[in-house]
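# Analysis of the macromolecular model
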Amino acid sequence: MIETSMTKKDIDMRDQVRQIIQSLDIHDEESVNKSIEYIHQLENLTLTEKNNLTQVLSEIFYHAHHTGSTRIPKLAVRVQKCITRFGPGMIPFLFEEIKQADSESVSYFGKSFARLEQPALEFIVPKLIEYRTEDDCLINIIHVLSYFRIPDTVSAIGPMLIVANHKNHQVTSMALYTVGRLIQKLRLEAFSIPNKKHIFDSVFNFLSSPEPLVRKNAARTLGKMLRKGLLSEDNEKRVLKTFLKITGKDDNHNWDRAFIVRREAEFFLPYFKLVATPAHKYTQSFRIVGKKLLCAHTFHFTIEAPLIARKIEAGQFIIVRAHEHSERIPLSVCDWDEDRGTINIIISAVGKTTTEINAMKEGNYFKDVVGPLGNRSSLPLSSGTCVVIGG
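Scope of this entry: the structure provided in the associated data block. Please read these numbers as outputs of a predicted model, since none were measured by experiment.

On to the overall build of the protein. Of regular secondary structure, the protein possesses 17 helices and seven strands. Here the protein holds 391 residues, and the buried ones make up 46% of them. Counted over contacts in the protein with a minimum sequence separation of 6, partners at least 24 positions apart contribute 68%. Looking at the protein as shown, the accessible area adds up to about 21500 Å², and 51% of this sits on carbon and sulfur atoms.

Printed below as a string of structure tokens:
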């Protein structure tokens, strides 16, 4: 029974809302477009009606990443804008969806949420602490914050760095990633001097994490701080020194074992204003300094490669390329001399490439030698006799 106080216009509008909800097919482009056009014509919708329409429309967010068509993701963007038109009243509903959404769908819910700006920001920042023990939910909340663009978003960085000290490294990584995104988006004047210092001190500490993904995102965030001009001269020197260490370009050549971390540090090195160590200091010639015949078609080579010799450990290998157009082949390293800066390999000619290498003479140069690669050999901690047989 419809209340007698409702006008015919109200009744017609509610009928239209029901019709939109019943007829909408999120897999059909025409159906979604027509529904959005009808919704734009409706006025004075109640909060319940807005919630019901949002619930039906937002179903597309769960399908946008699982379709071979480009049309559905484009429709999802239209739906984001449509939901935003409903206003801040949608914040509680969107937040409930954000909590349970998968990692792909949360981006669409997050962008809709962030479009609601200040009210949405004030709603979600306290949730960082409230949901600190619910890892999946917390990751989604942090992810959503990366889509905000308003200046006050800087207020979310402090709580984010608090939850970054989490036992789950995925939470830490997402927090560092989002801090980096916000640094990139927000204007320089949004960051006070104490704020810059707090962000730097917190993020820099994560470079010592045992988790490569955490170190990677910490390096990326520090690099974005550098490019934004948020680092003091002293802090810039600290980051440069650390990035040179990560990439093996300091005097110790003790680089980070994780490629994803080295790649981040390498990318930002050109942005430092300070003078870095000249590149020629790290050049290796890969000259053959010794060659001797062991038996038929088998030679022992000594190669000049000081950086590899300083770093290599038992069980690791190298990849060599004899000439510009040669095949790249992996080879075991049988010995090395850190003081002389040389490594030793044994080549038995069994194919085209190994025959090419065995034809090289003392004083020739390998085009490339990459290494050390792989993991070092390890022995069990228990004491006793160990027998090693090689073939």
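What follows is about helix α7 (residues 117–124). Every buried residue belonging to α7 is among A120, L121 and I124, and all of these are buried. The buried residues of α7 occupy an angular sector of 100° when projected down its axis, which confines them to one face.

In this section: the nonpolar core. One finds F113 and F243 to be the most contacted residues of the largest nonpolar core, which totals 88 residues. Formed by 22 residues, the second largest nonpolar core is a distinct cluster that contains V333, I357, M360 and F366.

For the rest of this paragraph, the subject is helix α11 (residues 169–185). With 17 residues, α11 ought to run about 24 Å at 1.5 Å a step, and its terminal C-alpha atoms sit 24 Å apart, in line with that. Of all the positions in α11, only V171, T172, S173, M174, A175, L176, T178, V179, G180, L182 and I183 are classed as buried. By the N-cap criterion, in which a side-chain oxygen at the helix start approaches the backbone nitrogen of a residue two or three places on, α11 is capped by N168, the distance to Q170 being 2.8 Å.

The strand order across the open sheet formed by three strands is β4-β3-β7, and the pairing between neighbours is antiparallel. Strands with a single pairing partner mark the edges of an open sheet, and in this sheet they are β4 (329–332) and β7 (368–373). On average, each strand axis in the sheet is tilted by 30° relative to the strand beside it, whichever way the strands run. Bridging between strand β3 (residues 317–321) and β4 involves four bridges; their strand directions are antiparallel. Across the sheet, the residue bridging to V320 is I329, located in β4.

Let us now look at the environment of A359. Following the sequence through the fold, A359 ends up in the loop between α17 (352–358) and β7. With relative accessibility at 54%, the residue A359 sits in the exposed group. Separated by 62 residues in the primary sequence, A359 and H297 place their C-alpha atoms 10.0 Å from one another.

The antiparallel open sheet is built from four strands, whose spatial order is β1-β2-β6-β5. Single-partner strands in this sheet number two, and they are β1 (288–295) and β5 (335–337). Direction aside, the axes of adjacent strands within the sheet are offset by 20° on average. As paired elements, β5 and strand β6 (residues 342–348) share three bridges and run antiparallel to each other. Residue pairing for β6: D335 is matched across the bridge by N344.

About the criteria used
Residues numbered from 1 in each chain as written. Predicted model: local features only at pLDDT ≥ 70, side-chain atom pairs only at ≥ 80, totals over all residues. Heavy atoms only, no water. Helix = DSSP H or I, 4+ residues; strand = E, 2+ residues; numbered from the N terminus. Buried < 20%, exposed > 50% of the residue type's maximum accessible area, 1.4 Å probe, protein only. Contact = heavy atoms within 4.5 Å. Areas by Shrake-Rupley, 256 points an atom, 1.4 Å probe, with all protein chains shown as cover. Arc of directions from axis to C-beta. Core = buried A, V, L, I, M, F, W, Y, C linked by side-chain atoms within 4.5 Å. Expected span 1.5 Å × (residues − 1). Polar contact = N/O pair within 3.5 Å; in protein donor to acceptor, adjacent residues only side chain to side chain. Pairing = 2+ DSSP bridges. Axes fitted to C-alpha atoms, helices over the stretch in contact; angles between N-to-C directions.

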